[in-house]
Amino acid sequence: MSGTSLDGIDLAYITFEVGNTWTFKIDCAETVSYSKKWKHKLSNLVGFDLETLKSIDKDYTIYLAQTINSFLRKHQLNNIDAICSHGHTALHQPDHNLTYQIGNLPTLSKLVSQTVVCDFRTQDVTYNGQGAPLVPIGDRLLFSEYDYCINLGGFANISSEINNIRIAYDICPVNIVMNRFAEKLGYDYDKGGEIAKSGNVDQDVLNLLNDLDFYTLQPPKSLGLEWVDSEVFPILEESKLSEETILRTFIEHIAIQIAKAFKTNSKVLFTGGGTFNDFLLERIKAQKQFHLIVPSKEIIDFKEALIFGLLGVLKLREEVNCLSSVTGADCDHSSGVIYYP
């Protein structure tokens, strides 16, 4: 799994068991950080033409295969059922029937000498869906004891069961914005939200952010880097505010939007890298009374990798792994492609 926050490639070796319910065990897992070269390339994917993207796709598939093979060797994993890979999102424009994840080429299975299940988003878009979010089927099958599951990654997304229908959508940007302004100060990210904590909220900028049209749309809805580039960064860059004030203002924006997404006194599971931002969690708690559950570090870090593993297993079993109630597709379906070495 590789997300928009560009933390690196998450790899997890997972055992699933299914009876009346699904259970799982993360046997081992790690994140392989991107080199500066790859981080720069991946952060600029939306600006490349299609031919350049195809070239990057080939290189990224080779890089991904090398990373997977290193993980298999390191942990002596010789007898696995499949590699289930999300790849990395290069373009996500579902309104134009377009989504493109690099690293999903058939050569991946040859290079790792394993069955590969990948490219989970494309089919949903052809069925008139958003191609996202895909994690909610995992929330339903693996984390049903919570009223809401919220992931704080490049974007914040939420998933919940309402009248026996799974509803999920992207709430707002998180680390995709926070990391950019932390990097301007020479940091990879704002550890614990300490930099933001030192800034002040600019009410005018906060109002502009909260008034963006996306927040008035009803689900299903999803966000991509393109939207952040066109709608969010111009507001922040043109404000001429200090990085500290931008970070503080944006954390307030995130907290307001997230708190609006769930009911008072709900039991809410938080995962994703943003869960380590203590100040962000503090600001969310200040907006509303609720029960905030932070799981083990392993679940925080690898929940998305875990669930894409589950998506692959469901595809191998030809069971539904993509919910139309979440993506807006014409029907529930079993998404993804299977490649053999």
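Check the entry above for the structure.
### Some remarks on unusual backbone geometry
For step 1, the next point in the chain: A cis amide bond links Ala132 with the next residue in sequence, Pro133, at an omega value of -15 degrees.
For step 2, the next point in the chain: The topology assignment puts Pro133 in the loop between helix H4 (122–126) and helix H5 (136–142).
For step 3, the next point in the chain: A cis geometry characterises the amide bond from Pro219 onward to Pro220, with omega recorded as 5 degrees.
For step 4, the next point in the chain: Within the secondary structure layout, Pro220 lies in the loop between helix H8 (203–210) and helix H9 (225–238).
For step 5, the next point in the chain: Within the chain, Asn128 stands out as a residue other than glycine whose phi angle is a positive 70 degrees.
For step 6, the next point in the chain: Along the chain, the position of Asn128 falls in the loop between H4 and H5.
For step 7, the next point in the chain: Although it is not a glycine, Asn164 sits at a positive phi angle of roughly 65 degrees.
For step 8, the next point in the chain: Within the element layout of this structure, Asn164 appears in the loop between strand E8 (155–162) and strand E9 (165–173).

### What to know about the packing of aromatic side chains
For step 1, the next point in the chain: Going through the model one piece at a time under the given rule, you end up with 14 aromatic pairs.
For step 2, the next point in the chain: Measuring from ring centre to ring centre gives 6.3 Å for Tyr34 and Tyr63, while their planes differ by 35 degrees; the resulting arrangement is tilted. With Tyr34 in the loop between strand E2 (22–32) and helix H1 (36–43) and Tyr63 in helix H2 (residues 50–74), this pair connects stretches of sequence that are 29 residues apart.
For step 3, the next point in the chain: Classification of Tyr34 by relative accessible area gives buried; the value is 9%.
For step 4, the next point in the chain: Consider the rings of Tyr148 and Phe262, whose centres lie 6.0 Å apart with planes at 50 degrees: the pair is tilted. Residue Tyr148 is found in strand E7 (residues 148–152), and its partner Phe262 is found in the loop between helix H10 (243–259) and strand E10 (267–271); the two are separated by 114 residues along the sequence. The same class applies to Tyr148 and to Phe262, which are both buried.
For step 5, the next point in the chain: A connected cluster of aromatic rings, assembled from ring pairs, spans Tyr34, Trp38, Tyr60 and Tyr63.
For step 6, the next point in the chain: Directly above the ring of Phe214 sits Lys221, whose terminal nitrogen or CZ lies 4.4 Å from the centroid.

### Comments concerning the pairing of E8
For step 1, the next point in the chain: Burial of E8 is extensive: 6 of the 8 residues sit out of reach of the surface.
For step 2, the next point in the chain: Pairing analysis gives 5 bridges linking E7 to E8, with the strands arranged antiparallel. Within the sheet, the bridge partner assigned to Cys149 lies in E8 and is Ser159.
For step 3, the next point in the chain: If you look at the hairpin formed by E7 and E8, you'll find 2 residues sitting between the two strands.
For step 4, the next point in the chain: Note: E8 against E9, 8 bridges, orientation antiparallel.

About the thresholds
Position labels on residues start from 1 in each chain and follow its written sequence. Where totals are concerned, whole chains, interfaces and linings use all residues; where local detail is concerned, this predicted model gives features only for residues with pLDDT of at least 70, and gives and counts side-chain atom pairs only at 80 or more. The side-chain quantities take in all heavy atoms of the structure and omit both hydrogens and water. Where helices and strands are cited, they refer to DSSP runs of H or I of at least four residues and of E of at least two residues respectively, numbered from the N terminus. Any two rings among Phe, Tyr and Trp, with Trp reduced to its six-membered ring, count as a pair given centres within 6.5 Å; such a pair is stacked if its planes are under 30 degrees apart, edge-to-face if over 60, and tilted if neither. Any residue under 20% of the maximum accessible area for its type is buried, any over 50% is exposed, and the rest in between are partly exposed; the area is computed with a 1.4 Å probe on protein chains only. When the NZ atom of lysine or the CZ atom of arginine is within 6 Å of a ring's centre and also within 35 degrees of its normal, the charge is said to sit over that ring. Should DSSP find at least two bridges between two strands, the strands are regarded as paired.

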